[in-house]
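Fold and contact review
So the chains spell out like this:
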Amino acid sequence: MKNFTDNNRAVVRVPGTSANCGPGFDCLGVATTIYNYLDLTLLRSNKFVVDSSGEGADKIPRGKRNLTWQAVHRLLQEVGREDEFKGAIIRTKNNVPLSRGLGSSSTAIVAGLTAANEILGSPLDKNGLLKLATEIEGHPDNVAPAIFGGFTVSIMNQGEVQTFSFMPRIKLKLIVTVPDFELSTRLARKVLPKNVSMKDAIFNISRASMLVAALVKGNEKLLPFAFDDALHQPYRKKLVPGMTEVFDAAKSAGALGAAISGAGSCLIAFTTAQSHLEEKIASAMVAAFKAHDVKSKALILNVDGRGAQILKR
């Protein structure tokens, strides 16, 4: 099978992601097995084409405000080749819903960086791509798992991002309910308090620590205590009708825990593959949303362990 890089063309696949994972506000993320695809050709002419299909295709900018192009252009600047490539053909196939908390913007950024980097002979390693992706996105919790795969723990240290990625020792199933309304990250952040109590801070630190420890060690008995949050979900629940009831329904159906996916509007529940409860949990979550007059669909996903990939053909 041939690596599909032809002159100035590359095709990449990037996983959607779920950030926060409950208590890990702005620092934990997980890559999932729902993917967006980018076919990128860099041009030395000024020709510029954006062609999108799939989720939210009609809402994706066709000009140079396009997020994928912004990422490509930023990488060209970083490596000193922005004068060489002035245009591009950008073709995307999107499966990740827009503005739902599954990392659609991160897939666009990471896809652009990964494809352009491949075309240019990989001048940057994954850490270099992460630095640029974080700069563009503003925080690393979605772009890190999109690049590295698995679960990621990210911190900012004096303006530099540090990320640890790992695959859990528990084979998880991720049940994501996608309601039929969008929720902007800006609005979801606007409802958060500027200050939190010491009690709430300790609540989240303890559970985020427990969550990572349980996943790394493979102790599923600890997970039901690990997904709760006091820093962002209590304030965002008014933006997602029926959120508490959907969480309760998921847990009653056997989920280990449930959380807002990123900033929402998607809600995500976690179970083990061995339990074979994912269909039951999905049905319960969709029904709970319906009881609040919210239409939704369920996605049953796995943890993606590879992150962004150059596709082979």
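What you are looking at is a predicted structure, and each value in this text was computed from that prediction instead of being measured. (Residues numbered from 1 in each chain as written. Predicted model: local features only at pLDDT ≥ 70, side-chain atom pairs only at ≥ 80, totals over all residues. Heavy atoms only, no water.)

Topic: the confidence of the model for the protein
Put simply, the rule is: Per-residue confidence from the predictor is reported as pLDDT, which spans 0 to 100. Residue contacts are defined here by distance: any two heavy atoms, one from each residue, within 4.5 Å place the two residues in contact.
Within the protein, residue pLDDT values average 94, and 97% of them lie at 70 or more. For residues 1-5, every residue scores under 50 in pLDDT, and the model assigns this stretch 17 contacts once sequence neighbours within four places are set aside.

Here's the deal with the nonpolar core
The criterion, for reference: Here the nonpolar core consists of buried residues drawn from Ala, Val, Leu, Ile, Met, Phe, Trp, Tyr and Cys, with membership extended through side-chain atoms lying within 4.5 Å. Each residue is assigned to one of three classes by its accessible area relative to the maximum for its type, calculated with a 1.4 Å probe on protein chains only: buried under 20%, partly exposed between the two thresholds, exposed over 50%. Only runs of H or I of at least four residues qualify as helices and only runs of E of at least two qualify as strands under DSSP, and these elements are numbered from the N terminus.
Counting residues in hydrophobic clusters, the biggest one holds 35 residues, and the most contacted among them are Leu40, Leu42, Leu75 and Leu113. Listing elements by their share of this core, those giving two or more residues are strand 2 (9-19), strand 3 (28-43), helix 1 (67-78), strand 5 (87-94), helix 2 (104-119), helix 3 (126-137) and helix 4 (143-148). Element by element, the count of residues in this core is highest for helix 2, at seven residues. Ignoring anything within four residues of it in the chain, the contact list for leucine 42 reads Asn8, Val72, Leu76, Phe85, Gly87, Ala88, Ile119 and Leu120.

Side note on the sheet that holds strand 10 (residues 267-272)
Inclusion rule: A strand pair is defined by DSSP finding two or more bridges across the two strands. Only the stretch in contact is used when fitting a helix axis, every axis being a line fitted to C-alpha atoms; angles between N-to-C directions are given from 0 to 180 degrees.
Pairing is antiparallel in the open sheet, where four strands are placed in the order 9-10-8-11. Pairing within the sheet leaves two strands with one partner each, and these edge strands are strand 9 (257-260) and strand 11 (296-301). Taking each pair of neighbouring strands and ignoring which way they run, the sheet shows an average axis angle of 20°. Of the strands in this sheet, strand 8 (172-179), strand 9 and strand 10 touch helix 8 (residues 243-252), which is tilted by about 155° from strand 9.

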